[in-house]
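For reference, the chains in residue letters:
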Amino acid sequence: MIDFTLTEEQEMFRKAAQEFAETQVAPKVPEMEETGKVSLELVKAMAEAEMMALTIPEEYGGLGLGYTARLIALEEISKVSVAAGMMLQVFALGIEPILKYGTDAQKKKFLPGLATGERLASTAVTEATGGSDPTGIRSTYKKDGEDYILNGRKCFITNAHIADTITVLAKDDENPKAFSTFIMEKGMDGFKATHEENKVGMRGCNTGELAYENCRVPKENLVGVEGKGLGVALAAIGDVGRGGMVGCALGLQAACLDVSVKFANERILYGKPISRLQTIQNKLADMKIDLEAGRLLGYRAASMQDKGERSSNEFAVAKYFSTEAAQRAAKMASDIHGGYGCMEEYAVSRYMRDSFVLGPSAGTSDIMKVIIARWTLS
Amino acid sequence: MFKIVVCVKAVPDPKEACNIKIDPVTKTLMRCDVPMVLNPLDKYALEAALQFKEQFDAHISVLSMGPPEAGNIVKECLALGADQGFLLSDRAFAGADAFATAYTLAKGIEKIGPFDVVFCGMASSDGSTEWVGPEIATFLKIPVVTRITEIVEYNGQWWTVKAELENGYRLVRVQIPAVFTVTRALNTPRRLSFSGIIKARKKEITQWGIQQLGVSEASVGLKGSPSIVSTIATMDSRRKVEILEGKREEKAEQLVQRLANAGVL
């Protein structure tokens, strides 16, 4: 029989993440919502709680706990703040290309600092020409002696203004079919974070633009084989990017259900709690079914990833399902709360705004369906 | 090396208090419906031991009595930094009152070996008798200081601790080995860490039953309990809602008056 239960140790990881979220993340949420800015205190707390070290092997200063543990942590943190979950998920997304395709020298140079949170990571693929079609990017690189010269702009990049180490996808200046991925570092001449977005949801998670003009990148910063960079970027997004969004979505689903149950048990209508009304029960049941199904899909994919199996298709299914389900959950939670659901004092209004940012991140639902259909037809 | 024993208990999660039900026949808590967690005050007891260990060479043993599932909370204590875990688990231990629990724990402490200090939470969140700590001390024939809020000085065999009283506090100089029951004012317990959980993989939990402890069935569990719960009832607490009428100032005046009448102000 298939064992669907988490191990005793994984349950403890959940507890550790839960305690962190309740004590360190929750107090920062009002400020993040108000200002829309990253809480650097929260980033520091995440680092101290070893959140950035989860997927990095012990030999490079990490914990080597893998992707199920990461999903657990993301779910629990996102239950309290999807913005904090998103920030954390993209740290891992930035780390993954180095982890998977980096040379030993690159791993030794970058991973220990990324594990401790001394340096923060991100990855940059999307451009104004689109993120769903990475071949349409306009950023270019050209060889110049031993170095590469990069030019271009990236947009909608999570952690753009706080990241120190960013894996960037660019196109060969002379060969439009060749792409390469480079590690770019804060402080490189000609490389800077520019416009900062003001998002409707996930406020307090930084999103912005990156610009690089005649930026010289040493050959030591090329990740993987020159010309094969599309695979490097997409592999990271396929597994870690989608997997991370599943964690964010599951956390939001769980939060929506929790507040809805609490409100439905406390709100009295017709002389009884509204949780006794069948129409409310129907919504709670739908939310519960979606959460259970989302967890089965997400944790199955993470378990495959931990075994070293290809899991990007399974994560596409989980990402599609759980982010759509999170939007449904936020709508139902808002409906259950009635007029209160429209008030900023109630978390459901934030859940509603956050849910809409989950969709496009790491690939829209429509793109997930393209991937799933391709998998089905293959 | 300094030897510390921390006694811990698995209790129904206080966050799920509204779901806790009482068995009308046995008058005991129906634990199956509610997840079991580490008794909140025991975290402060463990933290006291961990803070001592950060300053001095010490070994921390965690001891609990409960069903095999209580091993989870012992494991959690190991992840928080304790060195070794002991679980007293046997069907014969079931139904123990505070006296039988303290007797069994005292036997466990003796079996663990020589010790310098025993830390306990002041009370458990489910029983709340505050008896177990003092009774352990009685069985071990050593001093006890209850409700400690501060460890003022560790001075060799003599410790000075501050303990709360209803209307103040007392400073107690006590010779160890001794039992201390701790309050929330003593420290701020640390959180579980991922690396702590990984380190706990290599730490052992030893399980002992009635045979290993060398105690008779008559002295433990329900049979060894001199007290019985004759009746138990749930408190029905209901909110009363009253809407105050009038201008803002008038309503404020009425509110203050009502709070004063209710004894809140």
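Residues numbered from 1 in each chain as written. Chains lettered and ligands numbered in written order. Predicted model: local features only at pLDDT ≥ 70, side-chain atom pairs only at ≥ 80, totals over all residues. Heavy atoms only, no water.

What to know about the sheet that holds strand E1 (residues 2-8) of chain B
Residue and element names in this part refer to chain B.
- Reading across the sheet, the 9 strands line up as E11-E10-E9-E12-E8-E1-E6-E7-E13 and stay open at both edges, with mixed pairing between neighbours. Looking at which strands have only one partner, the edges of the open sheet turn out to be strand E11 (168-175) and strand E13 (205-208). Each strand of the sheet is rotated relative to its neighbour by a mean of 30°, with strand direction disregarded.
- Pairing analysis gives 6 bridges linking strand E9 (residues 144-155) to strand E10 (residues 158-165), with the strands arranged antiparallel. Across the sheet, residue Ile148 finds its bridge partner in E10, namely Ala163.
- Against the sheet, helix H1 (residues 40-55) contacts E1, strand E6 (58-65), strand E8 (117-121), E9, E10 and strand E12 (178-182), and its axis sits at roughly 165° relative to E1. (Pairing = 2+ DSSP bridges. Helix = DSSP H or I, 4+ residues; strand = E, 2+ residues; numbered from the N terminus. Axes fitted to C-alpha atoms, helices over the stretch in contact; angles between N-to-C directions. Contact = heavy atoms within 4.5 Å.)

A closer look at helix H1 (residues 8-25) of chain A
- Along its 18 residues, H1(A) runs 24 Å from first to last C-alpha, staying within 8% of the 26 Å computed at 1.5 Å per residue.
- Those residues of H1(A) that fall on the buried side of the exposure criterion are Gln10(A), Met12(A), Phe13(A), Arg14(A), Ala16(A), Ala17(A), Glu19(A), Phe20(A), Ala21(A) and Val25(A). (Expected span 1.5 Å × (residues − 1). Buried < 20%, exposed > 50% of the residue type's maximum accessible area, 1.4 Å probe, protein only.)

Structural notes on the interface of chain A and chain B
- Opposite the 19 residues of chain A that make contact, chain B presents 15 residues.
- For the pairing of chain A and chain B, the buried interface totals around 1600 Å² over both sides, and the portion due to carbon and sulfur atoms is 58%.
- Its largest share of buried area at the contact with chain B, chain A owes to Met12(A), Lys15(A) and Glu19(A), together 31% of the area lost on that side.
- Across the contact surface, chain A and chain B share 3 salt bridges.
- Among the salt bridges present, the one from Lys15(B) reaches Glu22(A), with a minimum N-O distance of 3.3 Å.
- Here chain A is connected to chain B by 6 residue pairs in polar contact (both at pLDDT 80 or more).
- Looking at side-chain class alone, the side of chain A that touches chain B contains 11 nonpolar, 2 polar and 6 charged residues. (Buried area = accessible area lost by both parts, 1.4 Å probe. Salt bridge = Lys/Arg side-chain N within 4 Å of Asp/Glu carboxyl O. Polar contact = N/O pair within 3.5 Å; in protein donor to acceptor, adjacent residues only side chain to side chain. Nonpolar A, V, L, I, M, F, W, Y, C, P; charged D, E, K, R; others polar.)

Some thoughts on the nonpolar core
- Counting residues in hydrophobic clusters, the biggest one holds 148 residues, and the most contacted among them are Met46(A), Met51(A), Phe119(B), Trp159(B) and Phe180(B).
- Excluding residues within four positions of it along the chain, Phe180(B) makes contact with Val117(B), Val118(B), Phe119(B), Cys120(B), Val145(B), Ile148(B), Trp159(B), Val161(B) and Val174(B).
- Formed by 26 residues, the second largest nonpolar core is a distinct cluster that contains Phe93(B), Phe115(B), Trp208(B) and Leu213(B). (Core = buried A, V, L, I, M, F, W, Y, C linked by side-chain atoms within 4.5 Å.)

Some details on the side chain of Asp97(B)
All names here are of chain B.
- Residue position: Asp97 is located in the loop between strand E7 (84-88) and helix H3 (98-112).
- Here Asp97 is buried and forms no salt bridge, its nearest opposite-charge partner Lys9 lying at an N-O distance of 11 Å.
- Among the polar contacts listed, one links the side chain of Asp97 to the backbone nitrogen of Phe99, at a separation of 3.1 Å.
- Excluding anything up to four places from it in sequence, Asp97 contacts Ser225, Pro226 and Ser227. (Lys, Arg positive; Asp, Glu negative; His and termini not counted.)

Thoughts on the pattern of salt bridges
All names here are of chain A.
- Taken as a whole and judged by the stated rule, the model has 39 salt bridges over all chains.
- Across the pair Arg216 and Asp144 runs a salt bridge whose closest N-O atoms are separated by 2.7 Å. Remark: Asp144 occurs in strand E2 (residues 140-144) and Arg216 occurs in strand E7 (residues 207-218); sequence separation between them is 72 residues.
- Residue classification places Arg216 among the partly exposed residues on the basis of a relative accessible area of 42%.
- Given a relative accessible area of 35%, Asp144 falls into the partly exposed group.
- Taken together, the salt bridges that share partners define one network made up of Arg14, Glu75, Glu76 and Arg295.

A word on the packing of helix H7 (residues 229-266) of chain A against helix H9 (residues 312-337) of chain A
All names here are of chain A.
- Put simply, H7 and H9 touch, their axes get as near as 8 Å, and they point 25° apart. The angle between H7 and H9 places the two elements in the roughly parallel class. Taken as a pair, H7 and H9 cross one another with a handedness that is left-handed.
- When the residues that make up the contact of H7 with H9 are grouped by side-chain class, the tally is 18 nonpolar, 8 polar and 3 charged. (Parallel < 35°, antiparallel > 145°, perpendicular 65-115°, else oblique. Left-handed = near helix turned anticlockwise from the far one by under 90°.)

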